[in-house]
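Survey of secondary and tertiary structure
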Amino acid sequence: MRVILGLFLILLSVAACSTTTSQPQTLAADGKPLPKLYRITAVNADRIQFRVLDSVNALRNAAGAEPVAFDARLNAAAATHARDMSLQNRPWHFGSDGSSPIDRAARVGYTGTLMGENISETYETEMETLGAWMEDENTRDIILGPDARDLGFAWHQESNGKIWWVLVMGKPAEAAPVDLES
């Protein structure tokens, strides 16, 4: 009985150590694996903006640019445009009402200069999207723009998982000089 029990334990140990065959990964037409659905939940939603802010500032630091900070007005403009792109079902810089990024920043009360807007329609994470923006010269220049100090970042995720990302960079308005002689 001890021998049979010993053999059974050995077989069980070997079975536990053996590799299991996994399902083959489905590939897209370009030969790359199909993306896994990235679902933004209430738990990770709060973290997403700060991961992007920290990552943008790390990239800016490496490029010798000053850090940026969130601007609530630019966050609002980005959120409005992310939802609007979803409704239009196309990633572009003009709103369904014909508004430009500059118009949307002004509507939310941003008095600085809009330096640029990056947009994306994807199923990818915020870090994958930021990485894609950094690979393109035009979108990278917006992120690393030396005059930018304000950042707006938002997204809209559809029920099918598609995410519309918007990043807006701005330069704060110059403060009016204070007349100390009055």
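Above this text sits the structure in question.
Residues numbered from 1 in each chain as written. Predicted model: local features only at pLDDT ≥ 70, side-chain atom pairs only at ≥ 80, totals over all residues. Heavy atoms only, no water.

**Focus: the overall build of the protein chain**
Selection rule: Helix and strand definitions here come from DSSP, where helices need a minimum of 4 consecutive H or I residues and strands a minimum of 2 consecutive E residues; each element is numbered from the N-terminal end. Burial here depends on accessible area, computed with a 1.4 Å probe over protein chains only, as a share of the maximum for the residue type. Under 20% is buried, over 50% is exposed, and the range in between is partly exposed. Contacts are residue-level and defined by heavy atoms, with any inter-residue pair within 4.5 Å sufficient. Accessibility throughout is a Shrake-Rupley quantity obtained with a 1.4 Å probe, and a residue counts as covered only by protein chains that appear here.
The helix and strand tally for the protein chain stands at six helices and four strands. Along the chain direction, N to C, the helices and strands of the protein chain fall in the order α-α-β-α-α-β-α-α-β-β. Scored against the burial criterion, the 182 residues of the protein chain give a buried share of 37%. Within the protein chain, contacts between residues at least 6 apart in sequence are counted, and of these 66% link residues at least 24 apart. For the protein chain, the accessible area works out to roughly 11600 Å², and carbon and sulfur atoms hold 58% of it.

**Here we look at unusual backbone geometry**
Note: most peptide bonds trans; most residues except glycine with negative phi. Positive phi outside glycine occurs at asparagine 89, with the angle close to 55°. Looking at where asparagine 89 falls in the secondary structure, it is placed in the loop between α3 (72–88) and α4 (101–107).

**As for the environment of alanine 79**
Residue position: alanine 79 is located in helix α3. C-alpha separation for the pair alanine 79 and glycine 152, spaced 73 residues apart in sequence, amounts to 8.6 Å.

**Structural notes on the side chain of serine 120**
Position of serine 120 among the secondary structure elements: in strand β2 (residues 113–122). Those residues in contact with serine 120 that lie beyond four places of it in its chain are Thr129, Trp133, Ile163, Trp164 and Trp165.

**Structural notes on the nonpolar core**
For clarity, the cut-off: In this description, a nonpolar core means a group of buried Ala, Val, Leu, Ile, Met, Phe, Trp, Tyr and Cys residues linked to one another through side-chain atoms lying within 4.5 Å.
Among the nonpolar cores identified, the biggest contains 20 residues, and Ile143, Trp165 and Leu167 are the most heavily contacted of them. Contributions of two or more residues to this core are made by α2 (42–62), α5 (126–135), α6 (137–144), β3 (150–157) and β4 (163–171). Look past the residues within four positions of leucine 167 in its chain and what remains in contact with it is Val52, Val56, Gly116, Glu117, Asn118, Trp133, Ile143, Leu151, Gly152 and Phe153. Core analysis: the next-biggest nonpolar cluster, separate from the first, contains 12 residues, Met85, Tyr110, Ile119 and Val166 among them.

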